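Each chain is listed here by its residues.
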Amino acid sequence: MNWAFLQGLLSGVNKYSTAFGRVWLSIVFLFRVMVFVVAAEKVWGDEQKDFKCNTAQPGCHNVCYDHFFPVSHVRLWALQLIFVTCPSLLVVMHVAYREDRERKHREKYGENCRRLYQNTGKKRGGLWWTYVLTLLFKIGVDATFVYLLYHIYEGYDFPSLIKCRQDPCPNTVDCFISRPTEKRIFTLFMVVTSLVCILLSIFEVVYLVGKRFSEYFSGTHHSNRMTNTLSSGSSLMESNALKHTGKKTPETPAPSYSIAVS
């Protein structure tokens, strides 16, 4: 499987992510994608060939293998990584849509016109909702695949010996898994990294929502202060005007004239 496209995609998303998002990307690259490509595919490469049953009954080997391993771990993890990383493409597409809209706006009204977005990559408006929804989707995908892995294989353990009673086996046969301890370690490692990614995504959602509420309440408080300041200033001006009009101008007594009678 070629992961070059996935790497380029996540690298582009990195510059639009928060600190939690960057840690999430690092864990996905180093502890999930790299481990999957380098080690996991080789560990599970011989799972069907080295799955042995102590019977020569035709078809019993294949039926028992399909019963205990209905879906390959490698293919399940590949689907999980694709579904958990590709929603980040929506963020890149949304930013590209903003940049294209900003470019067309400048071409129409000139370079000195008012910008539609102060920063096309800033998480405001629709981009904020796109980012949060992708986080919720990634949480749901990781949680679903962790549950599916537990439900399909009845846990995360790999016993050395498996009892198989499926038809067309003549009786209960013993089957053996190749390298069960190594597969158990890799399975637990992938499950733990998935849980860590779920926690990081939850922290990022809480951070974004908390930041939005903080900005909303601080903006409301600032507008209330401005309103109170303006109302107090207008009241002061009105009181000064009333005082001004209430003052009476002192009357100057008329000059006295003496009339001389001759």
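All of the points below concern the structure found in this document.

Procedures and definitions
Residues numbered from 1 in each chain as written. Predicted model: local features only at pLDDT ≥ 70, side-chain atom pairs only at ≥ 80, totals over all residues. Heavy atoms only, no water. Helix = DSSP H or I, 4+ residues; strand = E, 2+ residues; numbered from the N terminus. Pairing = 2+ DSSP bridges. Contact = heavy atoms within 4.5 Å. Axes fitted to C-alpha atoms, helices over the stretch in contact; angles between N-to-C directions. Phe/Tyr/Trp six-rings, centres within 6.5 Å; stacked < 30°, edge-to-face > 60°. Buried < 20%, exposed > 50% of the residue type's maximum accessible area, 1.4 Å probe, protein only.

## So, unusual backbone geometry
- Cis rather than trans, the peptide bond between Asp167 and Pro168 has omega equal to 10°.
- Among the structural elements, Pro168 can be located in the loop between strand E2 (161–164) and strand E3 (173–176).
- Phi is positive for Arg179, close to 50°, though the residue is something other than glycine.

## Brief notes about the sheet that holds strand E1 (residues 52–53)
- Spatially, three strands are ordered E1-E3-E2 in an open sheet, and the strand pairing comes out antiparallel. Looking at the sheet topology across the chains shown, the edges are occupied by E1 and E2.
- As paired strands, E1 and E3 are joined by two bridges and run antiparallel to one another. Bridging from a neighbouring strand, Cys53 pairs with Cys175 of E3.
- Contacting E1, E2 and E3, helix H3 (residues 60–68) crosses the sheet at an angle of about 110° to E2.

## Comments concerning the packing of aromatic side chains
- Across all of its chains, the model carries eleven aromatic pairs by this definition.
- Between Phe20 and Tyr207, the aromatic rings sit 6.0 Å apart at their centres with planes inclined by 55°, giving tilted as the arrangement. Taken together, the residues Phe20 in helix H2 (residues 19–43) and Tyr207 in helix H7 (residues 180–246) connect sequence positions 187 residues apart.
- Of the residues examined, Phe20 reaches a relative accessible area of 30% and is grouped as partly exposed.
- Judged by relative accessible area, which is 38%, Tyr207 ranks as partly exposed.
- Among the aromatic residues, those joined into a ring-pair cluster are Phe51, Tyr65, Phe69, Tyr153 and Phe158.

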